[in-house]
Every structure is written in structure tokens, then in C-alpha cells.
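For reference, the chains in residue letters:
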Amino acid sequence: MAADLCAYWHEKARVHVEMGRSRRAGLLATQGIRGGANRRVLERIAESGGIFFARSDDPWVLSGANVHISFIGQDDGSETERQLDGRSVVSVNANLTSGVDLTRARRLSENRDIAFVGDQKGGPFDVYEQVATAMLAWPNPDGRSNADVLAPWLNGEDLTRRPRHMWVIDFGLSADDRRGGIV
């Protein structure tokens, strides 16, 4: 797995701070800096100094571009105040969250050979939250509720990062089956 080019510039700035050529550096990146191979540079920043300022996910619309970016302010560890997404926090984790550092989560050897792949989507049945809310209120000719086939769609990123608030059309189990703990 390879990192984005923006990770190079964050690492270059980190080295300058670590060597004392600069006390601080602030750069922006695509929001992808928070995960995968890109996140390694933020982990190195946290180890050699600290992230004292971050905006984890801001929209950036410029000349037709519509992307989400992250701002990262790093220093030599001397800054005592930390800010994440406009609020004061005790620390900023390498995935640009605060609180419990899920980037340090590791596989438990006790779970070896007992894992389950989980549910897998078999088609383009994604439904945005606004549409799902409307669908749950709509009546059907047969009198059944759309809750019989509409369910929240969660994946690992919804649990470890920020929820996407997605729903999925699921013809596999009824709402009663889901409530009954079959899933």
C-alpha cells in the first residue's frame, strides 16, 4: 500500500520541526491523510512532536473542485493547547480524532480462526439517510412497512471513524428477524 504525495510534504515538514529548523508547520491534505499508509506520517508526527491543530474533514469547493480536506498543524511538542475541529481537546490522535485512540487497536490472538466475514452487499442498494427516513414514512399498497427491507448499513469505518448514516435495502431478513437477534 502506498501513501499519497501529500504525505511526503507532511513528513518533510515533520523532519524540519524535529531537526529544529522550524518550531511549527501547518499543511492541508486530502482527508485520506487520516487512514491507510497516509496515516503513518501522522503517527510519526505524534511520536516526534505533536499535532496541536487539526480540521479533520472540511469541504473545499474551488473552481469546480468539490473535495474534502484535512488541516494539520504540527509542532515540536511544546504547544500545550490542542484544537480539533474548532474545539479544545486534550490530544489529537493520528486519525484526527480525540479521545480513545483507535489507531492503536490490535488484533486479539484469542480471536484467531473464529472471525466471520459478516454481511456483504450484493448490489447497489445504498440509501442515504434522508431518503431512508422518507421511505420509512411512506405507505405501501400491501400495508407492510418499508422497515421490513430497509436497514442501517454499518461497516468498520462507521465504528472506528465517523458514521456515514447510510441505509441499505435488504431482502434477506425481515425486521422481526433482525430484532430477534438472527443477524
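Look above for the structure.
Side note on the sheet that holds strand β8 (residues 166–169)
- Taken in spatial order, the three strands make up an open sheet running β6-β8-β7, and their pairing is antiparallel. Every other strand in the sheet has two partners, leaving β6 (126–128) and β7 (150–153) as the edge strands with one partner each. Pairwise comparison of adjacent strand axes, ignoring direction, gives a mean angle of 40 degrees for this sheet.
- Along the sheet, helix α3 (residues 129–137) makes contact with β6, β7 and β8, crossing β6 at roughly 90 degrees.

Some thoughts on the packing of aromatic side chains
- Enumeration according to the criterion identifies one aromatic pair in this entry.
- Centroid distance Tyr8 to Trp9: 4.8 Å. Interplanar angle 80 degrees. Geometry classified as edge-to-face.
- Residue class for Tyr8 comes out partly exposed when judged on its relative accessible area of 45%.
- Sitting above the plane of the Phe52 ring, Arg24 keeps its charged end 4.3 Å from the centroid.

Let's talk about unusual backbone geometry
- Non-glycine residue Asp85 carries a positive phi angle of around 50 degrees.
- Within the element layout of this structure, Asp85 appears in the loop between β4 (82–84) and β5 (87–89).
- Phi at Leu96 is positive, roughly 60 degrees, even though this residue is not glycine.
- Within the secondary structure, Leu96 is located in the loop between β5 and β6.

Concerning helix α1 (residues 5–18)
- Compared with the 20 Å implied by 1.5 Å per residue over 14 residues, the 20 Å span of α1 between its first and last C-alpha is a close match.
- Where α1 is concerned, the buried positions are Cys6, Ala7, His10, Glu11, Ala13, Arg14 and Val17. Here the buried residues of α1 occupy an arc of 160 degrees about the axis, which is enough to place them on one side.
- At its buried positions, α1 is contacted by β1 (24–30), α2 (39–48) and β3 (65–75).
- Looking one or two places after α1, you find Gly20, whose phi comes out positive at around 85 degrees.

Topic: the sheet that holds β4
- If you walk across this open sheet you meet the five strands as β1-β3-β2-β4-β5, and the pairing is mixed. A strand with exactly one partner marks an edge of an open sheet, and here the two such strands are β1 and β5. Ignoring which end each strand starts from, the neighbouring axes of this sheet average 30 degrees apart.
- In terms of strand pairing, strand β2 (residues 50–62) meets β3 through ten bridges, oriented antiparallel. Considered in β3, the bridge of Arg55 is made with Phe71.
- Each of β1 and β3 is contacted by α1, which is oriented at about 170 degrees to β1, the strand it contacts most.
- Relative to β2, α2 is tilted by about 150 degrees, and along the sheet it contacts β2 and β3.

Quick notes on the rules
- Position numbers for residues start from 1 in each chain and track the written sequence from start to end.
- Local features are withheld for residues below a pLDDT of 70 in this predicted model, meaning they are given only at 70 or higher, and side-chain atom pairs are given and counted only at 80 or more; totals for whole chains, interfaces and linings count all residues.
- Only hydrogens and water are removed before side-chain values are computed, so all heavy atoms of the structure are retained for them.
- Paired strands, as defined in this entry, are two strands with at least two bridges between them according to DSSP.
- Each helix is a run of DSSP H or I of at least 4 residues and each strand a run of E of at least 2, with the numbering of both proceeding from the N terminus.
- Axes here mean lines fitted to C-alpha atoms, for a helix over just the part in contact, with angles spanning 0 to 180 degrees between N-to-C directions.
- For this analysis, residues touch if any pair of their heavy atoms sits within 4.5 Å.
- Two rings from Phe, Tyr or Trp (for Trp, the six-membered ring) form a pair when their centres sit within 6.5 Å of each other. Planes less than 30 degrees apart are called stacked, planes more than 60 degrees apart edge-to-face, and all others tilted.
- Here's how the labels work: a residue is buried when its accessible area is under 20% of the maximum for its type, exposed when over 50%, partly exposed in between, all with a 1.4 Å probe on protein chains only.
- Our definition puts a charge over a ring when NZ of Lys or CZ of Arg is within 6 Å of the ring centre and also within 35 degrees of the ring normal.
- One less than the number of residues in a helix, times 1.5 Å, gives the span that helix is expected to have.
- Summarising the geometry, the arc corresponds to the directions from the helix axis toward the C-beta atoms.

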